[in-house]
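# Residue-level structural notes
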Amino acid sequence: MSATTHWEALLAWLHQEHGMKIGENDLRVECRYRPGVGNGLYALNVCPPSTTLFTVPASALLNIKTLVKRYPPRTPPLSGTQLVTLHLFLHRPEGNSESKDPAFGPYISVLPRNFDSHPLTWQVRNSCADLLQRLPPSVSKVLDIVARRFQIDWDTVFEYLQDHPHVIDASSRSDLDASVSFTKDPTTADDFLWAWLNVNTRCVYQRLKPTGSDPDNLTLCPVFDFANHSPDPPHLLPLPSNAEIWGTGSKRGEAYGLRTPPDASFEKDQELFIQYGAHANKTLFAEYGFVNAMPEGHVLKGIISGEVDLQDVLEEMLLARGAAGQWIKSALEEEGYWGDWTVHSSPKPAHPSFRLISALRLYHSVQVPTTSIPRNPDEVLDRWRDTLMGRHDSISPENEQAWRGTLLDICRKVIRRARKTLEEMNSSRPEQDADGWRQYAQDCIKTLWREELEVAEAVIVSVVNGEEFW
Ligand SMILES: C[S@@+](CC[C@H](N)C(=O)[O-])C[C@H]1O[C@@H](n2cnc3c(N)ncnc32)[C@H](O)[C@@H]1O
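You'll find the chain entered in an unreviewed UniProt entry as SET domain-containing protein, with Gloeophyllum trabeum given as the organism.

A tally of helices and strands in the chain yields 16 helices and 13 strands. Relative to a compact globule of 470 residues, whose C-alpha radius of gyration would be 23 Å, the chain shows 25 Å and is just as compact. The C-alpha extent of the chain, read off along each of the three principal axes, is 75 × 55 × 55 Å. Residues classed as buried in the chain amount to 53% of the 470 residues present. In the chain, the proportion of contacts linking residues at least 24 apart, taken out of those at least 6 apart, comes to 73%. When the accessible area of the chain is evaluated, it comes to approximately 22100 Å², of which 51% is carbon and sulfur surface. Averaged over its 47 positive side-chain charges, the chain has a centre that lies 1 Å from the centre of its 62 negative ones.

Across the eight residues of helix α10 (residues 281–288), seven count as buried, placing the element largely inside the fold. Looking at α10, one finds that the buried residues are Asn281, Lys282, Thr283, Leu284, Phe285, Ala286 and Glu287. Looking at the buried positions of α10, the neighbouring elements they touch are α5 (119–125), α7 (137–163), α8 (186–202), β7 (228–229), β11 (307–309) and α16 (437–464). At the exit of α10 stands Gly289, carrying a positive phi of roughly 80 degrees.

On to the packing of helix α13 (residues 354–363) against helix α15 (residues 397–427). Where α13 meets α15, the axes come as close as 9 Å, and the angle between the chain directions of the two elements is 115 degrees. Judged by the inter-axis angle, α13 sits roughly perpendicular to α15. Judged by the twist between their axes, the crossing of α13 over α15 is right-handed. For the pair α13 and α15, contact is made by Leu356, Ile357, Leu360 and Arg361 and by Asn399, Glu400, Trp403, Thr406, Leu407 and Ile410, respectively.

For the chain, the domain assignment lists domain 1 (1–292) and domain 2 (307–464). Relative to domain 2, the C-alpha centre of domain 1 lies at a distance of 35 Å. Between Lys141 and Asp309 there is a salt bridge, and its shortest N-O distance comes to 3.5 Å. Between domain 1 and domain 2 we count five residue pairs in polar contact (both at pLDDT 80 or more) in total. In terms of residue count, the dominant contributor to the side of domain 1 that touches domain 2 is α7 (four residues). When its residues are assigned to classes, the side of domain 1 that touches domain 2 shows eleven nonpolar, seven polar and five charged.

As a structural note, the neighbourhood of the ligand is formed by 14 residues, with Val37, Asn39, Asn228, His229 and Tyr288 the closest of them. A distance of 2.8 Å separates a nitrogen atom of the ligand from a polar backbone atom of His229. Note that an oxygen atom of the ligand is positioned 2.8 Å from one of the backbone N or O atoms of Tyr288. Coverage of the ligand by the protein amounts to 84% of the 560 Å² it exposes when considered alone. Of all elements in the fold, only β2 (38–43), α8 and β7 reach the threshold of two or more residues within the shell around the ligand. A per-class count over the shell around the ligand returns seven nonpolar, five polar and two charged.

Bringing the sheet that holds strand β3 (residues 52–56) into the picture now. What links the strands of a sheet is backbone hydrogen bonding, and the strands pair in either a parallel or an antiparallel sense. With respect to topology, three strands assemble into an open sheet ordered β3-β9-β8, the strand pairing being antiparallel. Every other strand in the sheet has two partners, leaving β3 and β8 (237–238) as the edge strands with one partner each. Bridge analysis of β8 against strand β9 (residues 256–259) gives two bridges, and the strand direction is antiparallel. Following the sheet pairing, Leu237 is matched in β9 by Arg259.

Rules of the game
Residues numbered from 1 in each chain as written. Predicted model: local features only at pLDDT ≥ 70, side-chain atom pairs only at ≥ 80, totals over all residues. Heavy atoms only, no water. Helix = DSSP H or I, 4+ residues; strand = E, 2+ residues; numbered from the N terminus. Rg over C-alpha atoms; globule rule 2.2 N^0.38 Å. Buried < 20%, exposed > 50% of the residue type's maximum accessible area, 1.4 Å probe, protein only. Contact = heavy atoms within 4.5 Å. Areas by Shrake-Rupley, 256 points an atom, 1.4 Å probe, with all protein chains shown as cover. Lys, Arg positive; Asp, Glu negative; His and termini not counted. Charge placed at Lys NZ, Arg CZ, Asp CG, Glu CD. Axes fitted to C-alpha atoms, helices over the stretch in contact; angles between N-to-C directions. Parallel < 35°, antiparallel > 145°, perpendicular 65-115°, else oblique. Left-handed = near helix turned anticlockwise from the far one by under 90°. Domains from an automatic or database assignment. Salt bridge = Lys/Arg side-chain N within 4 Å of Asp/Glu carboxyl O. Polar contact = N/O pair within 3.5 Å; in protein donor to acceptor, adjacent residues only side chain to side chain. Nonpolar A, V, L, I, M, F, W, Y, C, P; charged D, E, K, R; others polar. Near = heavy atom within 4 Å. Pairing = 2+ DSSP bridges.

Right under this line is the structure:
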């Protein structure tokens, strides 16, 4: 089936099976394909502010409410992510054919058929080492966290299938039999990964449970999940929810959809975006497999906001300080200042985060390069804590000068390694692949390094200009 036929089949299913209104005043968007980004949502006509673009009935959503009764219970229950992933896993389309799921088949059939270009796929399959090795350390770290989440969900669902092998009988696939619940072979893991990535890259927040922060408040919503991300407004907004307004959660789930914001209208044929949270590029890449576009120089000039996470650099520095480093690490952990040490290109001037400044202040509270613990630890810590609490602006002028100097060294190091990797990547030809995604992935990785380079350059300018940061 072509993309257009898939879209039409999806609309027919939403209308006929779920009673969704698809007249021109009820469905004001259409799915269209754009190379590099895939499918997206486009306005069929001019859309004034505060216009409902479409409403998908609750019964057509894939979430804990619509699925829980279909599967035997477990204690503790499968999470929303695990349940939706299990359902997709059991009804994955075979080859180029359609999903045979009698309940959600036409929806499952429009989902991406593979995630070869997603970095989690490389990590789980142990493939594309050339790309994985080129990731900035901070991106590898986020990817490891995503991979751990995937592994926990896969282990849990696998265990569930072992306890309930007859669940496999509900699968509409011809290639799944009960043996799946006994062997965790790579093909089965790959099927589960496909399902999990669909959930992780396409689920949206929907208030289903009484507590707003419940991790099961997520849903796969047809049509909605064609919306791509843009860091810049205007963004479409989810339809208001009664469950959210009353703070109650929703017994059977609610219809869901999108509307235009109160302060923006959209032209006919314009692509319509949502914002997948205010994520840094490293998170967008590890979770969703893409990065925000960054024209050269825009981060350096502060036109686009860039961020670098310096965890690996600081950890290396602390390791080199022996017992003193270990002592500093413990103090940072105890005060809740361990990690999340970042530098930013905007708002101007480019600057280190307060957490980074604080870590560097403590680092220099023990004379560098001394490797032994200070003789007056309480005194050292008290003076440092005064800066955390705002009782003092600094530990001392010498300490300020020292951490600013170290920040310059760190930025120079970041620039060196970014330049080196970019040069290597520019001089090596990417491996060819049939779908052409490798070039796209390489470009994303280069953007990640360029962000590191430009943020570090901008911070050097700030330090050299004597900017005060707080
Ligand atoms: C919710 S889906 C959006 C629809 C998707 N493009 C499709 O083809 O079905 C999220 C995925 O779309 C892609 N995507 C979203 N926003 C993007 C953007 N600004 N640039 C590139 N890819 C984007 C990423 O692959 C992401 O994992």
